[in-house]
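Fold and contact review
Take a look at the letters that make up each chain.
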Amino acid sequence: MTTKKKKPTKSKTKRRNSGKKVDNKKLIALISLIVLLIAITSAVIFAASTKPRTPVPYDFHKSKAYGIDVSSHNGKIDWDAVKDEVDFAFIRVGRRGYTDGEIALDKKAKYNMKNAENAGVPFGVYIYSQAINEEEAVEEAKFLIKHVKGYNVQLPLVIDFEYATKNGKQIGRLAEAKLSRKERTALINAFCKTVKEAGYTPALYASSSIYKSQISTRSLEDGIVFWVADYNKKVSYGVKYDIWQFSEKGKCNGVSSKYVDTNYWYTEE
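Residues numbered from 1 in each chain as written. Predicted model: local features only at pLDDT ≥ 70, side-chain atom pairs only at ≥ 80, totals over all residues. Heavy atoms only, no water.

**Description of the confidence of the model for the protein**
Looking at the protein, pLDDT values average 87 and 80% of them are 70 or higher. The low-confidence segment residues 1-5, where pLDDT is below 50, has zero contacts with residues more than four positions distant or belonging to other chains. Throughout residues 38-50 the model reports pLDDT below 50, and contacts reaching past four residues in sequence, or to other chains, amount to four contacts. (pLDDT = per-residue confidence, 0-100. Contact = heavy atoms within 4.5 Å.)

Structure representation (structure tokens):
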């Protein structure tokens with residue numbers, strides 16, 4: 001007796017094919033979800049790293065303003081001569097010692113603020129920071145706020161965040177503190193928040209390398225003016241900035257020192 005081979009029933013074939021279709025749909029859905037998550041993450045990172053420029057608290061009537069920043073190291077300044085050279089200035093009001101940690105008033109702060117104001121040069125002020133925690137950063141902000149009272153400060157109050165150096169090596173209390181990126185960012189925010197609460201515009205001055213590798217700009221508060229020091233042909237720091245200190249060897253009539261720091265302030269997007 002011969003036995004006929006049974007052919008696969010249509011129902012089994014259909015079930016097998018439908019199973020494949022379900023698996024393909026799941027795979028397509030998973031790939032689509034992954035692509036969507038990557039797109040969202042990229043968009044968030046891009047948006048955070050391209051913060052719009054902080055509105056300039058002064059109308060320079062131009063898209064790129066030119067200015068200097070000065071301290072007692074620049075000697076006695078003839079601000080009536082300077083006013084014909086610049087659109088703005090930043091004046092150092094104080095500094096924290098990189099060894100003892102004490103805050104001291106810049107010897108030329110009062111003279112520079114008074115005479116810049118009398119000459120009609122719009123100015124902001126800064127403090128050379130060596131803060132190693134949020135409490136010290138707030139102390140530096142309050143020091144600035146205290147000493148600018150009575151002066152017409154139209155531009156930002158700045159935390160100058162940089163390391164003391166000797167023979168190309170970082171030295172002093174800030175370097176020795178070995179702060180994390182999160183800790184550095186937090187103390188900068190503490191300074192800027194104190195400045196904002198006092199009714200002034202806060203700003204951060206730092207080098208391109210510090211902006212890139214030592215602080216999280218995405219975690220900084222909104223409304224902070226970014227002032228970057230970079231002496232190359234263009235700024236190597238990839239995130240949007242407001243002020244570019246492009247030279248430490250500039251010249252300016254009225255400034256008695258051999259050189260002076262020179263800056264561009266970009267006032268439009």
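So that's the structure; there's more coming.
**Thoughts on the environment of Y259**
Within the secondary structure, Y259 is located in the loop between β10 (243-250) and β11 (260-266). Put simply, Y259 and H73 are 186 residues apart on the chain and 9.9 Å apart in space, counted from C-alpha to C-alpha. Other than its neighbours up to four places away in sequence, Y259 contacts N74, E248, K249, G250 and K251. (Helix = DSSP H or I, 4+ residues; strand = E, 2+ residues; numbered from the N terminus.)

**Let's talk about the nonpolar core**
The biggest cluster of nonpolar side chains holds 56 residues, and the ones touching the most others in it are I68, W79, I188, F191 and L204. Excluding residues within four positions of it along the chain, I188 makes contact with I159, F161, L204, I215 and L220. (Core = buried A, V, L, I, M, F, W, Y, C linked by side-chain atoms within 4.5 Å. Buried < 20%, exposed > 50% of the residue type's maximum accessible area, 1.4 Å probe, protein only.)

**Focus: the environment of Y241**
By the element assignment, Y241 lies in the loop between β9 (225-229) and β10. As for Y241 and Y266, which are separated by 25 residues in sequence, their C-alpha atoms are 8.3 Å apart.

**Quick notes on the pattern of salt bridges**
Taken as a whole and judged by the stated rule, the model has six salt bridges. Put simply, E136 and R173 hold a salt bridge, and the shortest N to O gap is 2.8 Å. Highlighted residues: E136 in helix α4 (residues 134-148) and R173 in helix α5 (residues 172-177), separated in sequence by 37 residues. In this structure, E136 and R173 share a single accessibility class: buried. A single network of salt bridges, built from pairs that share partners, joins R96, E139 and E140. (Salt bridge = Lys/Arg side-chain N within 4 Å of Asp/Glu carboxyl O.)

**A short note on the environment of V260**
Note on placement: V260 falls in strand β11. We classify V260 as buried; its relative accessible area is 2%. Separated by 190 residues in sequence, V260 and V70 place their C-alpha atoms 7.0 Å apart.

**Digging into α4**
When the terminal C-alpha atoms of α4 are compared, their 21 Å separation across 15 residues agrees well with the 21 Å that a helix rising 1.5 Å per residue should span. Where α4 is concerned, the buried positions are E136, A137, E140, A141, F143, L144, I145 and V148. One side-chain oxygen of the residue at the start of α4 lies 3.2 Å from the amide nitrogen of E135, identifying that residue as N133. Directly after α4, the chain includes G150, whose backbone phi takes a positive value near 95 degrees. (Expected span 1.5 Å × (residues − 1). Polar contact = N/O pair within 3.5 Å; in protein donor to acceptor, adjacent residues only side chain to side chain.)

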